[in-house]
Amino acid sequence: MSYAETHEHHHDDHDHKPTGLGRWLFSTNHKDIGTMYLVFALIMFFIGGAMAMVVRAELFQPGMQYVDPQFFNAMTTMHALVMIFGVIMPAGVGLANWMVPMMIGAPDMALPRMNNMSFWILPFAFTMLLATFFMEGGAPAGGWTMYPPLITQLGDGFPFLIFTVHFLGVSSIMGAINIIATIFNMRAPGMGFMQLPLFVWTWIITAFLLIASMPVLAGAVTMLLTDKYFGTSFFIAAGGGDPVMFQHIFWFFGHPEVYILILPAFGIVSQIIPTFSRKPLFGYESMVYATAAIAFLSFFVWAHHMFTVGMPLAGELFFMYATMSIAVPTGVKVFNWIATMWRGAMTFETPMLFALSFVFLFSIGGFSGLMLGITPADFQYHDTYFVVAHFHYVLVTGALFALMGGAYFWLPKWTGHMYDEKLGQLHFWLSVISVNVLFFPQHFLGLAGMPRRIPDYAVQFTEWNMISSVGGFVFGISQLLFVWVIIKCIREGKKADEQVWEGARGLEWTLPSPPPFHTFTIPPKVDEATAHS
Amino acid sequence: MSNPQDTYFIPEPSKWPVLFSLALFLAFCGTAFMFNQYLATGNMPGFGSHLLLLGFVAVFYMFYVWFRDVIDESLSGVYNNQVDISFRWGMAWFIFSEVMFFAAFFGALFYARVYSVPWLGGEGAGAATNEFLWPAFENVWPLLATPDMTVDGLASKFTEIKEVIPAFDIPAINTIILLSSGATVTFAHWALKKNQRAGLCWWLFATVFLGFLFVILQAGEYVHAYNDLGLTLNSGIYGSTFFLLTGFHGFHVTMGATMLTVILLRSISGHFTKENHFAFEAVAWYWHFVDVVWLGLFIFVYWL
Ligand code: HEM
Ligand SMILES: [Cu+2]
């Protein structure tokens with residue numbers, strides 16, 4: 001049943017938009033808030049990207065070139081914090097804001113005012129974080145994992161870092177609560193849980209992970225704060241505490257966090273691949289269960305980040321086997337994506353190219369993850385560039401590529417205009433080639449023993465570092481093209497119809513492009529044909 | 001969908017969310033400046049504390065105006081059943097997030113008791129720790145003297161605990177107080193459902209009274225701990241876990257009791273009907289949550 005049918009008795013004047021700055025500042029509209037999230041993520045992407053360029057410039061050759069070591073460490077630390085909390089997470093929430101209500105046939109998010117607050121916290125929080133660059137002692141430089149005792153030696157920036165984490169936690173938790181309330185309570189009649197598009201499912205589970213893990217991070221950094229200012233000794237052995245305890249608490253949050261980053265990406269890819277294969281998703285139910293299994297297991301693997309730190313042997317073994325076991329549900333997902341394409345009538349528009357490269361390159365990251373998960377092997381790999389290669393494959397060619405694929409996929413729906421397919425594909429090919437030039441050599445560097453988080457290195461690592469840096473600069477510059485494609489799409493793209501993609505299924509594709517300001521003011525009816533693809 | 005509606009309710013644009021974020025920003029920055037100044041000069045008051053005060057007032061004001069809007073909307077009847085259910089899910093998951101926040105501190109307590117203190121005392125996998133750091137240190141709980149005291153004695157940067165607070169003293173009384181307040185809030189709920197307004201108000205009053213009584217007794221314990229027992233934030237891992245766990249709990253009781261007060265005032269002025277009183281229930285849920293956390297504290301912090 002289409003949008004037009006349910007809205008025939010409905011007047012256009014109902015579609016009034018607030019105007020001016022107030023439209024954005026005071027918004028209660030999921031589409032506007034989604035847009036703000038996405039634009040914010042894009043801006044932060046370039047800020048975090050600039051920091052990465054500094055890192056790659058310094059590492060282009062051995063010796064100290066451009067920055068001092070303290071600043072170099074601040075660059076790696078802030079790059080990670082910005083990319084994780086300022087880019088991947090907000091972009092995922094932005095997509096959820098835009099798409100979840102449309103996919104489930106809801107008028108908006110369940111708690112629209114809280115939704116706006118979740119967003120507006122972000123600019124304030126990052127103002128606090130970025131301001132630390134101008135403070136006595138500089139920006140945080142002890143790594144994004146904030147291990148004590150190093151991190152408590154940070155200067156005036158320290159409390160700002162801690163409160164930024166608290167602030168972002170508040171935002172994430174409110175956002176997650178909102179998403180769960182929306183999906184549980186606002187589904188259109190006939191939309192059961194097993195009819196939800198997979199993107200919606202991955203967000204239910206991600207939201208659960210957020211609510212369960214962000215408060216733990218808040219607790220951990222609170223203890224850092226009291227250790228520094230109130231004389232407590234959570235992480236001080238002289239008082240009976242233990243610095244390693246911080247690592248346990250941090251990674252109890254940290255590993256679920258990496259799934260917070262990747263699960264929405266799984267969801268996006270699970271929307272794109274069926275569309276361009278013109279086949280329903282293979283093994284829908286197993287996808288749901290696999291996602292849930294991954295999320296569940298992610299709470300029992302945290303100490304694979306700490307194999308070399310020291311743990312009883314039983315702990316080392318337990319966390320090794322638990323880590324390996326995540327490969328099973330992950331394998332189910334990869335299998336299903338490939339099976340979806342099997343004998344499909346495939347075409348290769350930009351979103352599909354990003355989704356396909358996601359499947360291949362994310363798997364590479366998954367495999368290097370398995371290598372790292374083998375306790376004795378990790379004693380060799382830990383804190384080397386091999387780890388850096390691993391998490392950039394899962395995060396850049398994984399999470400980020402899926403988000404970009406999602407942006408191309410839904411851009412016509414959001415703006416009502418098609419993007420320039422040629423430019424989109426150019427952006428894809430530039431990115432996918434340069435990103436591999438950038439990160440693949442880091443595997444070799446790591447295996448050869450180059451440590452991570454250092455501004456200088458032994459001369460035998462020079463060649464691969466140079467190649468990696470060149471890849472980095474090309475990748476960085478290629479992303480400007482992405483911005484250009486978006487601007488061009490909004491300004492002069494040709495009109496998109498409501499279907500946009502031939503193989504697209506689901507409620508959101510029954511709406512006009514762009515959808516009206518208020519989507520469903522009365523509940524639409526859902527039947528088999530419009531349910532998940 | 002769980003509950004079909006003819007129309008949906010979507011609030012109008014609102015100034016409060018962005019201003020609330022600003023208020024929190026001011027409070028956070030104020031606290032950060034205050035801490036930095038404190039570390040540099042040993043003095044709290046100054047620019048930071050003023051900013052914090054401003055932020056704090058602003059946060060309170062935001063709570064006030066935002067909830068005022070929600071209450072007005074609720075009383076004017078624009079909410080439907082679906083909005084009610086959204087609020088319920090929201091509150092339930094919020095409480096779950098609070099549970100996980102406390103879980104971090106309970107985790108620290110268990111880690112200290114099961115791993116770090118025994119290891120420092122030379123047990124198990126961490127035996128070498130003891131050998132190299134403080135060989136004379138022994139694993140005991142409650143940990144009265146910190147490991148470094150075995151070497152540094154009085155020069156230690158921590159304070160030695162003379163005695164800890166026994167469980168079956170004020171803490172046991174506080175347990176009874178909180179548990180009974182859980183009962184009184186339930187009686188208030190039953191009264192509301194039978195439309196007995198007087199019962200509602202009196203039972204609520206009793207709950208608020210018990211809640212604040214708890215806070216007062218707890219504050220008394222803190223004074224006693226600091227002045228007489230040498231039990232402070234600075235007395236090693238025992239003091240750290242003790243004060244952060246009981247402190248955050250006490251803070252939550254204070255918030256809960258404040259929310260109950262608001263509910264009491266609203267009940268007195270005739271808000272809530274026997275079918276429609278989610279605000280009451282939300283606060284009651286919250287109150288039961290702080291109750292349960294207290295039981296955990298009583299058992300693992302004071303008793304065992
Ligand atoms: C097949 C699944 C995965 C396995 C088995 C795995 C395993 C590991 C292991 C063992 C480490 C620690 C390496 C070390 O420090 O020595 C690690 C690090 C890391 N992984 Fe994964 N991983 C997996 C998937 C992911 C995913 C999906 C993401 C994010 C989207 C991710 C992000 C990271 C990050 C950010 C780090 C580095 C953290 C740091 O030390 O800064 N991993 N992974
Ligand atoms: Cu992990």
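Residues numbered from 1 in each chain as written. Chains lettered and ligands numbered in written order. Predicted model: local features only at pLDDT ≥ 70, side-chain atom pairs only at ≥ 80, totals over all residues. Heavy atoms only, no water.

### A short note on the site of ligand 1
Residues and elements named next belong to chain A.
Here is step 1 of the chain: Near ligand 1 there are 23 residues, and of these Trp144, Asp378, His382, His390 and Arg452 occur at the shortest range.
Here is step 2 of the chain: Within the side chain of Trp144, a nitrogen or oxygen atom sits 2.9 Å from an oxygen atom of ligand 1.
Here is step 3 of the chain: Contacts to ligand 1 include His390, whose side-chain N or O atom sits 2.8 Å from a nitrogen atom.
Here is step 4 of the chain: Listed by contribution, the elements that provide at least two residues to the shell around ligand 1 are helix H8 (243–277), helix H11 (350–373) and helix H13 (385–415).
Here is step 5 of the chain: Here the element with the most residues in the shell around ligand 1 is H11; it accounts for six residues.
Here is step 6 of the chain: Two domains share the shell around ligand 1, each providing at least three of its residues, namely domain 1 (235–345) and domain 2 (347–493). (Near = heavy atom within 4 Å. Polar contact = N/O pair within 3.5 Å; in protein donor to acceptor, adjacent residues only side chain to side chain. Helix = DSSP H or I, 4+ residues; strand = E, 2+ residues; numbered from the N terminus. Domains from an automatic or database assignment.)

### Quick look at the packing of aromatic side chains
Here is step 1 of the chain: Overall, the coordinates contain 92 aromatic pairs over all chains when judged by the stated rule.
Here is step 2 of the chain: Judged by centre distance (5.2 Å) and plane angle (65°), the rings of Phe101 of chain B and Phe105 of chain B are edge-to-face. You can see Phe101 of chain B and its partner Phe105 of chain B sitting in helix H3 (residues 81–120), four residues apart, about one turn around the helix.
Here is step 3 of the chain: Under the relative-accessibility criterion, Phe101 of chain B is labelled buried at 12%.
Here is step 4 of the chain: In this structure Phe105 of chain B comes out as buried when scored by relative accessible area, which is 1%.
Here is step 5 of the chain: Across from the ring centre of Phe193 of chain A, 4.1 Å away, lies the NZ or CZ of Arg187 of chain A, which sits over that ring.
Here is step 6 of the chain: When the ring centre of Phe158 of chain A is taken as reference, the NZ or CZ atom of Lys228 of chain A above it lies at 5.2 Å. (Phe/Tyr/Trp six-rings, centres within 6.5 Å; stacked < 30°, edge-to-face > 60°. Buried < 20%, exposed > 50% of the residue type's maximum accessible area, 1.4 Å probe, protein only. Lys NZ or Arg CZ within 6 Å of the ring centre and 35° of its normal.)

### Observations regarding the environment of Ile71 of chain B
Here is step 1 of the chain: Relative to the helices and strands, Ile71 of chain B resides in helix H2 (residues 47–75).
Here is step 2 of the chain: A C-alpha to C-alpha distance of 9.4 Å links Ile71 of chain B and His271 of chain B, two positions 200 residues apart in sequence.

### Quick look at the nonpolar core
Soluble globular proteins tend to bury their nonpolar side chains together.
Residue and element names in this part refer to chain A.
Here is step 1 of the chain: Counting residues in each nonpolar core, the largest one holds 283 residues, and the members touching the most others are Phe85, Met146, Trp337, Phe358 and Trp410.
Here is step 2 of the chain: The element best represented in this core is helix H4 (residues 69–104), accounting for 23 residues.
Here is step 3 of the chain: Excluding its chain neighbours within four sequence positions, the residues that come into contact with Met146 are Ile151, Leu161, Val165, Leu217, Val221, Leu224, Phe246 and Phe250.
Here is step 4 of the chain: Within the second largest apolar cluster, five residues are counted, among which are Leu372, Ala377, Tyr381 and Val387. (Core = buried A, V, L, I, M, F, W, Y, C linked by side-chain atoms within 4.5 Å. Contact = heavy atoms within 4.5 Å.)

### Notes on the domain arrangement of chain B
Here is step 1 of the chain: Along its sequence, chain B is organised into domain 1 (14–78) and domain 2 (83–303).
Here is step 2 of the chain: Each of domain 1 of chain B and domain 2 of chain B has a C-alpha centre, and the two are 25 Å apart.

### A short note on helix H5 (residues 112–131) of chain A
Here is step 1 of the chain: Its 20 residues place the ends of H5 of chain A 30 Å apart at the C-alpha level, agreeing with the 28 Å of an ideal helix rising 1.5 Å per residue.
Here is step 2 of the chain: Within H5 of chain A, 16 of the 20 residues are buried, which leaves the element mostly enclosed by the surrounding structure. (Expected span 1.5 Å × (residues − 1).)

### A short note on the coordination of the iron atom of ligand 1
Residues and elements named next belong to chain A.
Here is step 1 of the chain: The sole protein-derived ligand of the iron atom of ligand 1 is His390 (NE2), positioned 2.1 Å away.
Here is step 2 of the chain: The copper ion (ligand 2) is placed at 4.5 Å from the iron atom of ligand 1.
Here is step 3 of the chain: Along the polypeptide, His390 turns up in helix H13. (Donors = N, O, S within 2.8 Å, 3.2 Å for Na, K, Ca; no water.)

### What about the interface of chain A and chain B?
Here is step 1 of the chain: Of the residues lining the interface, 72 residues belong to chain A; the matching set on chain B comes to 70 residues.
Here is step 2 of the chain: Of the roughly 6100 Å² buried where chain A meets chain B, counting both sides, 76% is carbon and sulfur surface.
Here is step 3 of the chain: Inspection of the chain A/chain B interface yields one salt bridge.
Here is step 4 of the chain: A salt bridge links Glu73 of chain B to Arg113 of chain A, with the shortest nitrogen-to-oxygen separation between them at 2.9 Å.
Here is step 5 of the chain: In this structure, the connection of chain A to chain B is made through 12 residue pairs in polar contact (both at pLDDT 80 or more).
Here is step 6 of the chain: Per-element accounting of the side of chain A that touches chain B gives the leading share, 13 residues, to helix H7 (residues 198–229) of chain A.
Here is step 7 of the chain: Taken together, the residues that form the side of chain A that touches chain B break down as 47 nonpolar, 19 polar and six charged. (Buried area = accessible area lost by both parts, 1.4 Å probe. Salt bridge = Lys/Arg side-chain N within 4 Å of Asp/Glu carboxyl O. Nonpolar A, V, L, I, M, F, W, Y, C, P; charged D, E, K, R; others polar.)

### Things to note about the coordination of the copper ion (ligand 2)
Residue and element names in this part refer to chain A.
Here is step 1 of the chain: Within the first shell, the copper ion (ligand 2) binds the protein through His255 (ND1), His304 (NE2) and His305 (NE2), at distances of 1.9 to 2.1 Å.
Here is step 2 of the chain: Each donor residue of the copper ion (ligand 2) belongs to the same chain, with the gaps between them written as H-x48-H-H.
Here is step 3 of the chain: By relative accessible area, His255 is classed as buried at 6%.

### A look at the environment of Pro112 of chain A
Residue and element names in this part refer to chain A.
Here is step 1 of the chain: Secondary-structure assignment places Pro112 in helix H5.
Here is step 2 of the chain: The exposure class assigned to Pro112 is buried, which follows from its relative accessible area of 6%.
Here is step 3 of the chain: On a C-alpha basis, the gap between Pro112 and Pro524 in space is 20 Å, while along the polypeptide they are 412 residues apart.

### Comments concerning unusual backbone geometry
Residues and elements named next belong to chain A.
Here is step 1 of the chain: Going from Ser513 to Pro514, the amide bond is cis rather than trans, its omega being -10°.
Here is step 2 of the chain: Within the secondary structure, Pro514 is located in the segment after helix H15 (462–492).
Here is step 3 of the chain: With phi around 55°, Met146 is a residue other than glycine that occupies positive phi space.
Here is step 4 of the chain: Locating Met146 in the fold gives a position in the loop between H5 and helix H6 (157–185).
Here is step 5 of the chain: According to the relative accessible area criterion, Met146 is buried, its value standing at 3%.
Here is step 6 of the chain: The phi torsion at Asp383 lies on the positive side, around 60°, for a residue other than glycine.
Here is step 7 of the chain: Here Asp383 is to be found in the loop between helix H12 (375–381) and H13.

### Digging into H4 of chain A
Residue and element names in this part refer to chain A.
Here is step 1 of the chain: Between its terminal C-alpha atoms H4 stretches 50 Å, which fits the 52 Å expected from 36 residues at 1.5 Å a residue.
Here is step 2 of the chain: A bend of about 35° at Met83 is the largest found in H4.
Here is step 3 of the chain: Summarising burial for H4: 31 of the 36 residues are buried, a large majority.
Here is step 4 of the chain: In the segment just after H4, Gly105 is the residue with positive phi, at about 75°. (Bend = angle between axes of the 7 residues up to and from the residue.)

### Some thoughts on the confidence of the model for chain B
Where the model shows low pLDDT, its predicted coordinates should not be examined in detail.
Here is step 1 of the chain: Chain-level statistics for chain B give a pLDDT mean of 93 and a share of 98% at 70 or above.
Here is step 2 of the chain: At the level of chain-chain contacts, confidence expressed as ipTM amounts to 0.95, with global pTM at 0.94. (pLDDT = per-residue confidence, 0-100.)

### Some remarks on a nonpolar patch on the surface
Residues and elements named next belong to chain B.
Here is step 1 of the chain: Together, Phe110, Val114, Tyr115, Phe168, Ile299, Phe300, Trp303 and Leu304 make up a nonpolar patch on the protein surface, roughly 790 Å² of accessible area in all.
Here is step 2 of the chain: Put simply, the parts of the chain that give the nonpolar patch at least two residues each are H3 and helix H9 (278–303).
Here is step 3 of the chain: Tracing the sequence through the fold places Tyr115 in helix H3. (Patch = residues over 30% accessible without salt bridge, like charges linked within 9 Å, V, L, I, M, F, W, Y side chains within 5 Å. Areas by Shrake-Rupley, 256 points an atom, 1.4 Å probe, with all protein chains shown as cover.)

### Re the packing of H6 of chain A against H3 of chain B
Here is step 1 of the chain: Direction vectors running N to C along H6 of chain A and H3 of chain B enclose 140°, while the axes themselves pass 9 Å from each other. In terms of orientation, H6 of chain A lies oblique with respect to H3 of chain B. In this structure, H6 of chain A crosses over H3 of chain B, and the sense of that crossing is right-handed. Contact with H6 of chain A, carried on its side by Ile173, Ile177, Ile180, Ala181, Phe184 and Asn185 of chain A, involves Gln82, Ile85, Ser86, Trp89, Gly90, Trp93, Phe94 and Ser97 of chain B of H3 of chain B and no other residues of that element.
Here is step 2 of the chain: A per-class count over the contact of H6 of chain A with H3 of chain B returns nine nonpolar, five polar and no charged. (Axes fitted to C-alpha atoms, helices over the stretch in contact; angles between N-to-C directions. Parallel < 35°, antiparallel > 145°, perpendicular 65-115°, else oblique. Left-handed = near helix turned anticlockwise from the far one by under 90°.)

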